[in-house]
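Structural description and commentary
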Amino acid sequence: SPSADALKTAHKKGTLNVYPNPANDKVSVEWKSTATSSASLTIMDLTGRVYSTVNLKAVAGQNKQQLNTDFLPKGEYLIKIVTGENATTAGFSKL
């Protein structure tokens, strides 16, 4: 079985999928978590201005969350997910 270090590394790299990209009124966010834990999903622009944060429970394995983006001005955004000590970021465009 994989070592604890290998699992930690896999979790740190993390994969965060955001679609559709470019987005209109909603995006779906998918990520994998190695354990059940609390998580936060934050939408911010490229200057770091936060538009929304959603706190949720991540389950071990595949997670999916839908976020409203209809209130966002047109432009480029980042979605950051934080689970425990790990953070992963992915970008998307809003039409």
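Reading the values: rules and limits
Residues numbered from 1 in each chain as written. Predicted model: local features only at pLDDT ≥ 70, side-chain atom pairs only at ≥ 80, totals over all residues. Heavy atoms only, no water. Helix = DSSP H or I, 4+ residues; strand = E, 2+ residues; numbered from the N terminus. Buried < 20%, exposed > 50% of the residue type's maximum accessible area, 1.4 Å probe, protein only. Contact = heavy atoms within 4.5 Å. Pairing = 2+ DSSP bridges. Axes fitted to C-alpha atoms, helices over the stretch in contact; angles between N-to-C directions. pLDDT = per-residue confidence, 0-100. Core = buried A, V, L, I, M, F, W, Y, C linked by side-chain atoms within 4.5 Å. Phe/Tyr/Trp six-rings, centres within 6.5 Å; stacked < 30°, edge-to-face > 60°.

**Considering the side chain of Ser40**
- In this fold, Ser40 is placed in strand E3 (residues 37-45).
- On the basis of relative accessible area, Ser40 is assigned to the buried category, the value being 16%.
- Once you skip the residues sitting within four places of it in the chain, Ser40 turns out to touch Thr53, Val54, Asn55, Lys80, Ile81 and Val82.

**So, the sheet that holds strand E2 (residues 26-33)**
- An order of E1-E2-E5 is seen for the three strands of this open sheet, with the pairing classed as antiparallel. The sheet is open, and its two edges are formed by strand E1 (16-19) and strand E5 (61-68), each paired on a single side. Between one strand axis and the next, the sheet turns by 20° as a mean value, whatever way the strands run.
- Both E1 and E2 contribute to a ladder of four bridges, which runs antiparallel. Counted as the bridge partner of Tyr19 is Ser28 from E2.

**Thoughts on the confidence of the model for the chain**
- Of all residues in the chain, 85% attain a pLDDT of 70 or more, and the chain-wide mean is 87.
- Throughout residues 6-13 the model reports pLDDT below 50, and contacts reaching past four residues in sequence, or to other chains, amount to ten contacts.

**A word on the nonpolar core**
- Among the nonpolar cores identified, the biggest contains 18 residues, and Val27, Val29, Trp31, Leu41, Ile79 and Phe92 are the most heavily contacted of them.
- What Leu41 contacts, discounting residues up to four positions off in sequence, is Val29, Trp31, Ser52, Thr53, Val54, Leu56, Gln65, Leu67, Ile79, Lys80 and Ile81.

**Quick look at the packing of aromatic side chains**
- Per the stated rule, a full pass over the model turns up two aromatic pairs.
- Relative to Tyr77, the ring of Tyr51 lies with its centre 5.5 Å away and its plane at 85°, an arrangement referred to as edge-to-face. Residue Tyr51 is located in strand E4 (residues 50-58), and its partner Tyr77 is located in strand E6 (residues 75-83); the two are separated by 26 residues in the primary sequence.
- Take Tyr77: its relative accessible area is 3%, and that puts it in the buried class.
- An aromatic cluster is present here, built from Tyr51, Tyr77 and Phe92 joined pairwise through their rings.

**Brief notes about the environment of Pro22**
- Tracing the chain through its elements places Pro22 in the loop between E1 and E2.
- Residues Pro22 and Gly91, spaced 69 residues apart in sequence, show a C-alpha to C-alpha distance of 9.7 Å.
- Apart from the residues within four sequence positions on either side, Pro22 is in contact with Ser93 and Leu95.

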